[in-house]
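# Observations on the three-dimensional arrangement
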Amino acid sequence: MSLKEKLVSSFMAFEDHVDVDTKIHDIRTEAIKLFEDKGFPTKKDEAWKYTSLNSILKHDYSVFPKQENAIEYSDIKQYFIHDIDTYKIVFIDGKYSSHLSQTTHEGLDVCLMSAALTKPKYQLVIENYFNKVAEKDGLSSLNTAFSQEGAFIHVPKNKVVNKPIQIVHFSTGNESALMLQPRNLIVVDENSHVQIIERHQSLTDNPVLTNSVTEIFANKRAIVDYYKIQNDNLNASLIDNTFVEQKQESFASVHTFSFGGKLTRNNLNYYQNGERIDSTLKGVTIIGEKQHVDHNTLVHHIEPNCESHQDYKGIFDDNATGVFNGKVVVEKEAQKTNAFQSNNNILVSDKATINTKPQLEIFADDVKCSHGCTIGQLDESALFYLKSRGIPEKEARGLLMFAFSNNVLSSVKIPELKQRITKLIALKLGVNIGFDL
Amino acid sequence: MSKYTEDDLREELKTKEYEYGFYTDIESDTFPVGLNEDIVRAISVKKEEPEWMTEWRLDAFKTWKEMVEPEWANVHYEKPDFQAISYYSAPNNKPKYDSLDEVDPELLDTFNKLGISLDEQKKLAGVAMDVVVDSVSVATTFKKTLAEKGIIFCSISEAIREYPDLVKKYIGTVVPKKDNFYAALNSAVFSDGSFCYIPKGVKCPMELSTYFRINQAGTGQFERTLVVADQGSYVSYLEGCTAPSRDENQLHAAVVELIALDDAEIKYSTVQNWFPGNAEGKGGVYNFVTKRGLCEKNAKISWTQVETGSAVTWKYPSCVLKGDNSVGEFYSIAVTNNFQQADTGTKMIHLGKNTKSTIISKGISAGKSQNSYRGLVQIAGRAENARNFSQCDSLLMGNECGAHTFPYIEAKNKSAQIEHEATTSKIGEDQIFYCNQRGIDTEKAIALIVNGFSKEVLNKLPMEFAVEAQKLLEISLEGSVG
């Protein structure tokens, strides 16, 4: 039985333990039909030309985790930004772990999707926002059909959230192969400000496939900073679908740090529904071995006077493959748009591959849009300069690569997170770059 | 004095009819419409082709029957009905002429209207012309001069008869019969085209050029061009076209193959001005062309194109950089207006070591047109030190048109150095203001800016051609700019 068939048939089992009389259930039923129709994307789809899911779809994934698993905090402390106080929403094998989490309902809601979907108090927010911006493609529909658990964050008007929120998913390997489908909804009302850090982490060598959907709504003048850390082991794959809808004068940034995982696909889509919006999409990818990271971005400029900034850096070693597929669409009405896109890559080994496809689709005339893309090596003269000053080759290379990715790092607004990522980069490059970490 | 504003310009352009839309009444020898094996055979017989060529065509036809029309391009059009096209049409007055006086005066008149009269061309800087009217070459000039150098420049059907070994050796090596839907169709039914062979070490003393025209109603034109530059030789080849105004869509599916052997250099320039359809988007030529060049060691191929016509253009002149140290270049200006759609670009396939490629593409869209750049830069695993620089700039005029960029970059070698840059903008008010301030009126200022925008490509055209290219740019752009 193929994974698709298995998923479709397990939807009936899923229906047994959710309330089938709600509106949400109509959405789920419609979504499973869409998935049945479209299935998993193949290389024949233009957006998946360079990424094949075959290798990760062959496992016999269990779709429903059986029980709540407990992990000791000390074992997983390293995966948190633990040196600052944060709200935490932690999931173990797809189940909420209350003893590791720290949620709140005071002044804002940082809680669970399952609660938001069932409790009447959240009904209005769910009706207004749930599944409103997510694309109706196969993978997102699959997630919608099984949407039950995940993070729900609702920041009311005029509120600056005092500490960052961490969303962390662990998989323990109690199942031989596990498929997770977390669903997050983040609604930030007018003039509010929130910072969120998301991470997926597998704790064993058993294969894990995560098909995650996150919907983010930034209302008028809201500021949303979202950070994704992807540093998983070689058996964990992640398909991350993030959809951001912005209203006028809002600012939303998504930083994606991809340092590992068997296959990572980031679908990041921005829709600008208002004027004077600023969207930022940045990413650093440093991978090796047989890893595969694919960034697929879309910025849809719908109204005038908006900006978007995309900056993706990639360093690829061993047999790694990198894909960047960025698309900027500027509608006819979206005059005075400024859209920038840049994608820089370094191939370290002879067997690494990079495929990049930065696209512009422009229907308005009074715009400034540009994209740049480079594939190259480290500057030999810069390397020589460092070596001539007594810095060994390996460290010199590390320093230069760190500098290469620093552009993206510099816009991270949480100092502790920045430090953590700096450390990760140093670790990834295999050098002590001598900064005070 | 009333001011000539951008709006006036735009208005003028919208209403401007295709100036070169006329139809020369030459009695033609036309085949019945439709396509089947018999038609393919008949074309072959008509061209007095040897057996192997007939087989080659039939093989291509068999493949074509099993292929489906591609749909990936960013263009929308009504698909041509391949059974409603006549696949062969030749002007009736067949005898070859030794001098211009003998050429059908009506035909000469056609060329005069286009401003490319043969005598003028003859006088101008030694351009030899292989004039193609509806698929059959009717006049060839300067053949003698070329013959002295050992250069073969003739129609492809003549080449098949006279130089079968050369043709057999190279035809279909760069664009295989089965390459794509339109290449297969062309391989089966091509009626004529040009063949050019430059022997070892010879530098062709003049620019070779052909003019293509679609003349007979309902005639698809299937050109086949084969240019072979032997070791250490050099040739510059010009191709240009205009077509009469028609209401039904005409299909143009040409194949151009360039082969540059070791140390050779080929420069291929095109000025394309097929009928783009009128202001309502009615009529116009479909231009689905396969152009590809193969570079051996130290060879260089350079494509330069100015695209102003066609209702639908679909064209990717490509370079396969097979030999070490080979160089590929692509310079393009694509102008679209009214309802024109263009999906054009290039492919640079780096296979050899130290290969270099440069892509400069300038897209200008006005009216309700859609202009896309689609390009591929591919670095194979053993292509050490490959280098690519791409620049795609788009200029938008008016808010009903679109400019799109679809670059594909695939690198499999760590020593590759690839840069890609694209910008989209309109003519800035500040730029216009700057010119106005210095006493240059708006219309001139716009012309100046557009000229500057496309300069990098215009500069690459041979002198004789640059004049005509600018003329065509004027026709398609004057008025639309701004």
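Residues numbered from 1 in each chain as written. Chains lettered and ligands numbered in written order. Predicted model: local features only at pLDDT ≥ 70, side-chain atom pairs only at ≥ 80, totals over all residues.

### A closer look at the overall build of chain A
Operational definition: Under the DSSP-based scheme used, a helix requires at least four consecutive residues in state H or I and a strand at least two consecutive residues in state E, with every element numbered from the N terminus. Three classes are used. A residue is buried when 20 or more other C-beta atoms lie within 10 Å of its own, exposed when 12 or fewer do, and partly exposed in between, with C-beta atoms placed from the backbone. Here, residues touch in the contact sense if the C-beta positions derived from the backbone fall within 7 Å of one another.
For chain A, the count of helices and strands is 10 helices and 20 strands. When each of the 437 residues of chain A is scored for burial, the buried share is 51%. The contacts in chain A between residues at least 6 apart in sequence include a share of 82% that link residues at least 24 apart.

### Observations concerning the interface of chain B and chain A
As a reminder of what qualifies: Put simply, Ala, Val, Leu, Ile, Met, Phe, Trp, Tyr, Cys and Pro go in the nonpolar bin, Asp, Glu, Lys and Arg in the charged bin, and everything else, Gly too, in the polar bin. We treat two strands as partners when DSSP finds at least two bridges between them.
Each side of the interface is counted separately: chain B has 29 residues, and chain A has 31 residues. Here the side of chain B that touches chain A takes 10 residues from strand β23 (residues 402-411) of chain B, the largest share from any one element. Taken together, the residues of the side of chain B that touches chain A sort by class into 11 nonpolar, 12 polar and 6 charged. Of the strand pairs in this sheet, strand β19 (residues 353-362) of chain A and β23 of chain B are connected by 6 bridges, and their pairing is antiparallel. Bridge pairing in β23 of chain B links Ile 354 of chain A to Ala 411 of chain B.

### Some details on helix α3 (residues 51-66) of chain B
Residue and element names in this part refer to chain B. Here is the rule: Given the number of residues in a helix, its expected span is that number minus one, multiplied by 1.5 Å. Each C-beta atom gives one direction from the helix axis, and the arc is the one those directions make.
With 16 residues, α3 ought to run about 22 Å at 1.5 Å a step, and its terminal C-alpha atoms sit 23 Å apart, in line with that. Residues of α3 that are buried: Trp 56, Arg 57, Ala 60, Phe 61 and Trp 64. Projected down its long axis, α3 carries its buried residues within an arc of 135 degrees, all on one side. Turned more than 90 degrees off the buried face of α3, the exposed positions are Glu 51, Trp 52, Glu 55 and Glu 66. Looking at the packing, one finds that the buried side of α3 touches α2 (37-46) and α9 (181-189).

### A look at the pairing of strand β4 (residues 151-155) of chain A
All names here are of chain A. The buried fraction of β4 amounts to 5 of the 5 residues, a majority that puts the element mostly inside the structure. Of the two faces of β4, the one carrying Ala 151, Ile 153 and Val 155 and the one carrying Phe 152 and His 154 are both buried. Sheet topology places strand β3 (residues 109-112) next to β4; 4 bridges connect them, and they run antiparallel. The residue of β4 that forms the bridge with Val 110 is Ile 153. As paired elements, β4 and strand β7 (residues 183-188) share 4 bridges and run parallel to each other. Within β7, the position partnered with Val 155 by the bridge is Val 188.

### A short note on the nonpolar core
Rule in force here: Nonpolar core, as used here: buried Ala, Val, Leu, Ile, Met, Phe, Trp, Tyr and Cys residues forming one set through C-beta atoms within 7 Å.
Ranked by size, the top nonpolar core spans 196 residues in total, and within it Ala 229, Leu 258, Ala 260 and Ile 266 of chain B carry the most contacts. If we ignore the near neighbours within four places in the chain, the residues touching Ala 260 of chain B are Ala 229, Glu 265, Ile 266, Gly 293, Leu 294, Cys 295, Glu 296, Ala 299, Lys 300 and Ile 301 of chain B. If you look at the next biggest cluster of nonpolar residues, it comprises 19 residues, including Ile 32, Phe 35, Met 179 and Leu 238 of chain A.

### Considerations on unusual backbone geometry
All names here are of chain A. Phi at Glu 289 takes a positive value of approximately 45 degrees, unusual for a residue other than glycine. For Glu 289, the position within the fold is in the loop between β14 (278-287) and β15 (292-301). Note on Glu 289: 12 C-beta atoms within 10 Å, which makes it exposed. Unusually for a residue other than glycine, Lys 336 sits at a positive phi of about 60 degrees. By secondary structure assignment, the location of Lys 336 is in the loop between β17 (321-330) and β18 (338-347). Residue classification places Lys 336 among the partly exposed positions, given that 16 C-beta atoms sit within 10 Å.

Honestly, it's all geometry; don't read function into it.
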